[in-house]
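# A structural walkthrough
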Amino acid sequence: MTASTDILPAAEFAVIHAEVQQFYAEHMQLLDSGAASEWAATFTEDGSFAPPSAPEPIVGRKALEAGVRAARAELDERGEAVRHLFSMIAVRPLPDGALKVRSYVQVVNTPRDGEPKLSLMCVCTDVLVHERGTLLVKERQVTRDDRPSANR
Amino acid sequence: MTASTDILPAAEFAVIHAEVQQFYAEHMQLLDSGAASEWAATFTEDGSFAPPSAPEPIVGRKALEAGVRAARAELDERGEAVRHLFSMIAVRPLPDGALKVRSYVQVVNTPRDGEPKLSLMCVCTDVLVHERGTLLVKERQVTRDDRPSANR
Amino acid sequence: MTASTDILPAAEFAVIHAEVQQFYAEHMQLLDSGAASEWAATFTEDGSFAPPSAPEPIVGRKALEAGVRAARAELDERGEAVRHLFSMIAVRPLPDGALKVRSYVQVVNTPRDGEPKLSLMCVCTDVLVHERGTLLVKERQVTRDDRPSANR
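An account of the accompanying structure is given in this report. (Residues numbered from 1 in each chain as written. Chains lettered and ligands numbered in written order. Predicted model: local features only at pLDDT ≥ 70, side-chain atom pairs only at ≥ 80, totals over all residues. Heavy atoms only, no water.)

Attention now moves to the relation of the copies chain A and chain B. The two copies are related by a screw operation: chain A maps onto chain B through 120° of rotation and 0.0 Å of translation along the axis, at an RMSD of 0.0 Å. With respect to symmetry, the two chain copies, as superposed, fit the operation of a three-fold axis. Of the C-alpha atoms belonging to chain A, the one lying closest to the rotation axis is found on A:Ala14, 3.8 Å away. A low fraction, 10%, of the interface residues of chain A reappear at the interface in chain B, so the copies pair through non-equivalent surfaces. (Least-squares fit on C-alpha atoms with pLDDT ≥ 70 in both. Contact = heavy atoms within 4.5 Å.)

Rendered as structure tokens:
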């Protein structure tokens, strides 16, 4: 993890940095609102997501969308809201124009009439790419801090 | 929630994005330090705040300031510190130059000699406007994740 | 806490703001991954850190590095991951080019196979300076919200 602006002028990095922060804000608000297909559309067509709980990565928008729908149905049944909060978003521009981004993720669940709970502390490592002027997730790996495999 | 930079060049969006992040940082640090009148001055003269617990919005700086003083007195009596942590700040520039901003808010309370507690998980939707070169809150709506009316 | 962009044009502030956000992301990821010497190198040679628990500030990279190693050994013994999450990062450029930055810090600990816990809520006040194009911490003061000396 060396200075990430090394391969870009500072002013260009600032533009990318704002774009990435905005991307995650919208991306996670879509997820938490249950907008499954809109969320899936923020991955590339062949985008992959390796969550900590699945044995194999989830690949492609259809599968990603189905995953969100299943998770949302479970939350609705329990009457819970969920929020994914990214922080400490470290952006590393790669020579090919893609971005490697490593972030912390707090997952907060709140039952109706109950207290919010920090359910999971995770680390998310993404490869983001531009397609038609928009950022998309090409690859995502998430590790949980409570698991031995945790990505320190 | 489409790409928010659509109506602005990316470089201009980056400037606004930084300004908004800085605005919330200062705005919330004022609130949490009990600087009631300084905090109220970060709303427009007729600024309104619809908190989840009040039946009617609080309107105008005098009323906003009084609200902070009352909340602060209660916290002081209990010997508690409070922090409002905004995250996933999604900025949408509107055609008239105002900004619609939707964010997540963690409210953390810490009693003296006690443990910090995530008391509330909220969603804040603001309309921010520029006046004399400074951002101000014109309208604020906050929902709590534990309430049926929660703004997903 | 007045508008922090006062002494800089907004576009320049945006560049600095992105740089600061990126700095903290990398800085804290180094700390939490136990990269003690790399982390210490993000302070100036004579950098000082006044943590809430120490009677005297820790001064200089060697001492800072030793502090991280000791903390990491303790965490490893307990089998815990730790994350330091900065938020509400308020950046104030000083006339001499240094930056005064006041931020909130959540410290989250997660035991192996256990639940994440918000252990501490702190406020961090830094003086950051540029050396050879890179930001470094020159002075750091941290207060804990559970202590009477809490920096509101």
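Here the narrative resumes.
Moving on, we get to the nonpolar core. Ranked by size, the top nonpolar core spans 123 residues in total, and within it A:Val20, B:Val20 and C:Val20 carry the most contacts. In this structure A:Val20 touches A:Ile89, A:Val91, A:Leu99, A:Val101, A:Leu128 and A:Leu135, once residues within four positions along its chain are discounted. (Core = buried A, V, L, I, M, F, W, Y, C linked by side-chain atoms within 4.5 Å. Buried < 20%, exposed > 50% of the residue type's maximum accessible area, 1.4 Å probe, protein only.)

Take the sheet that holds strand β6 (residues 134-144) of chain C next. All names here are of chain C. Spatially, the six strands line up as an open sheet ordered β2-β1-β6-β5-β4-β3, and their pairing is mixed. Because the sheet does not close on itself, it has two edges, and the strands there are β2 (58-59) and β3 (80-93). The pairing of β3 with strand β4 (residues 99-111) spans 12 bridges and is antiparallel. Looking across to β4, one finds that leucine 85 is bridged to glutamine 106. On the sheet, helix α1 (residues 10-32) packs against β1 (43-50), β3, β4, β5 (117-131) and β6 and is oriented at approximately 160° with respect to β3. Contacts between helix α3 (residues 61-78) and the sheet are confined to β1, β2, β3, β4 and β6, with β1 contributing the most and set at about 55° to the helix. (Pairing = 2+ DSSP bridges. Helix = DSSP H or I, 4+ residues; strand = E, 2+ residues; numbered from the N terminus. Axes fitted to C-alpha atoms, helices over the stretch in contact; angles between N-to-C directions.)

Scanning the model with the defined rule gives 30 salt bridges over all chains in all. Between A:Asp146 and A:Arg144 there is a salt bridge, and its shortest N-O distance comes to 2.7 Å. Exposure remark for A:Arg144: the relative accessible area of 16% places this residue in the buried category. One salt bridge in this structure joins C:Lys138 and C:Asp46, with 3.6 Å as the shortest N-O distance. Note that C:Lys138 is positioned in strand β6 and C:Asp46 in strand β1, a separation of 92 residues in sequence. Judged by relative accessible area, which is 31%, C:Lys138 ranks as partly exposed. (Salt bridge = Lys/Arg side-chain N within 4 Å of Asp/Glu carboxyl O.)

By themselves these figures say nothing about function.
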